[in-house]
Amino acid sequence: FQVDPRDKNYALHEILMGGTNDTNANLLSILLLDNNNNNKVALQTMLIAQPPSHGRTCLHWAAWGNASISLIRRLVAGNPEALVRKDKLDKGHRTPLEIYRHYYCNESVRAAAADE
């Protein structure tokens, strides 16, 4: 996998940043994950990367973009540690779940989550 020399993002980061509501973006993301099992070191390097611009893993961006559950499952399986990693302090210092809750849960769900 190649890294953009300017921002250190991998291709999967870039796709997920744009959101995966487009069928082709979702499919391309899944293909990137599924077709690179023969190069597990490169795949793992991409999945654990937290480029300096936001400090977000691929899972953070998938949560931010409300990605499909099948894509989320693949990302978690490839890097379960990303579930507890926080992005940069100036970007909210949030885990992927916190990002998802911030953008996609309604007020009643947010209140219930705050009570946990």
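What counts, and where the lines are drawn
- Residues numbered from 1 in each chain as written.
- Predicted model: local features only at pLDDT ≥ 70, side-chain atom pairs only at ≥ 80, totals over all residues.
- Heavy atoms only, no water.
- Helix = DSSP H or I, 4+ residues; strand = E, 2+ residues; numbered from the N terminus.
- Rg over C-alpha atoms; globule rule 2.2 N^0.38 Å.
- Buried < 20%, exposed > 50% of the residue type's maximum accessible area, 1.4 Å probe, protein only.
- Contact = heavy atoms within 4.5 Å.
- Axes fitted to C-alpha atoms, helices over the stretch in contact; angles between N-to-C directions.
- Parallel < 35°, antiparallel > 145°, perpendicular 65-115°, else oblique.
- Left-handed = near helix turned anticlockwise from the far one by under 90°.
- Nonpolar A, V, L, I, M, F, W, Y, C, P; charged D, E, K, R; others polar.
- 1 Å grid on protein atoms, 1.4 Å probe; cavity = no way out; pocket = protein on both sides within 12 Å on 5 of 7 lines; lining within 4 Å.
- Points joined across faces, edges and corners; volume = space filled by probe spheres on them.
- Core = buried A, V, L, I, M, F, W, Y, C linked by side-chain atoms within 4.5 Å.
- Phe/Tyr/Trp six-rings, centres within 6.5 Å; stacked < 30°, edge-to-face > 60°.
- Lys NZ or Arg CZ within 6 Å of the ring centre and 35° of its normal.

1. Examining the overall build of the chain
So, point 1. What the chain contains, in helices and strands, is seven helices and zero strands.
So, point 2. Scanning the chain from its N terminus toward the C terminus, one meets helices and strands in the order α-α-α-α-α-α-α.
So, point 3. Its C-alpha radius of gyration of 14 Å places the chain within 12% of the 13 Å reference for a compact globule of 116 residues.
So, point 4. For the chain, the spread of C-alpha atoms along the three principal axes comes to 45 × 30 × 25 Å.
So, point 5. The buried share among the 116 residues of the chain stands at 38%.

2. What about the environment of Ile72?
So, point 1. Considering the arrangement of structural elements, one finds Ile72 in helix α5 (residues 69-78).
So, point 2. Measuring from C-alpha to C-alpha, the distance between Ile72 and Arg101 comes to 15 Å, with 29 residues separating the pair along the chain.
So, point 3. For Ile72, the contacting residues outside a window of four places in its chain are Leu59, Ala62, Ala63 and Ala67.

3. Things to note about the packing of helix α2 (residues 23-34) against α5
So, point 1. Taken N-terminus to C-terminus, the directions of α2 and α5 make an angle of 25 degrees; their axes are 10 Å apart at the nearest point. Taken together, the axis directions place α2 and α5 in an arrangement best described as roughly parallel. The element α2 and its partner α5 pack so that their crossing is left-handed. Taking contact as the criterion, the partners of Asn26, Ser29, Ile30, Leu33 and Asp34 in α2 are, on α5, Ser70, Leu71, Arg74 and Leu75.
So, point 2. Residue composition of the contact of α2 with α5, grouped by class: four nonpolar, three polar and two charged.

4. Examining the layout of surface pockets
So, point 1. As a volume, the largest pocket reaches approximately 210 Å³.
So, point 2. What lines the largest pocket is a set of 13 residues, and nearest its centre among them are Ala63, Ile72, Pro96, Leu97 and Tyr100.
So, point 3. Contributing elements (two or more residues each) for the lining of the largest pocket: α4 (58-64), α5 and α6 (96-104).
So, point 4. Looking at the lining of the largest pocket residue by residue, the classes come out as eleven nonpolar, two polar and no charged.

5. Some points on the nonpolar core
When a protein is soluble and globular, its nonpolar side chains tend to lie buried together.
So, point 1. The biggest cluster of nonpolar side chains holds 20 residues, and the ones touching the most others in it are Leu12, Leu16, Leu33, Leu47, Cys58, Leu71 and Leu75.
So, point 2. Ignoring any residue separated from it by four or fewer positions in sequence, one finds Leu12 in contact with Ser29, Leu32, Leu33, Met46, Leu47, Cys58 and Leu75.

6. Remarks on the packing of aromatic side chains
So, point 1. Under the counting rule described, the total for this entry stands at three aromatic pairs.
So, point 2. An angle of 55 degrees between the planes, with centres 6.5 Å apart, marks the rings of Tyr103 and Tyr104 as tilted.
So, point 3. On the accessibility criterion, Tyr104 (35% relative accessible area) is partly exposed.
So, point 4. Among the aromatic residues, those joined into a cluster by ring pairs are Tyr100, Tyr103 and Tyr104.
So, point 5. The cationic tip of Arg56 hangs over the ring face of Trp61; the distance from NZ or CZ to the ring centre is 4.8 Å.

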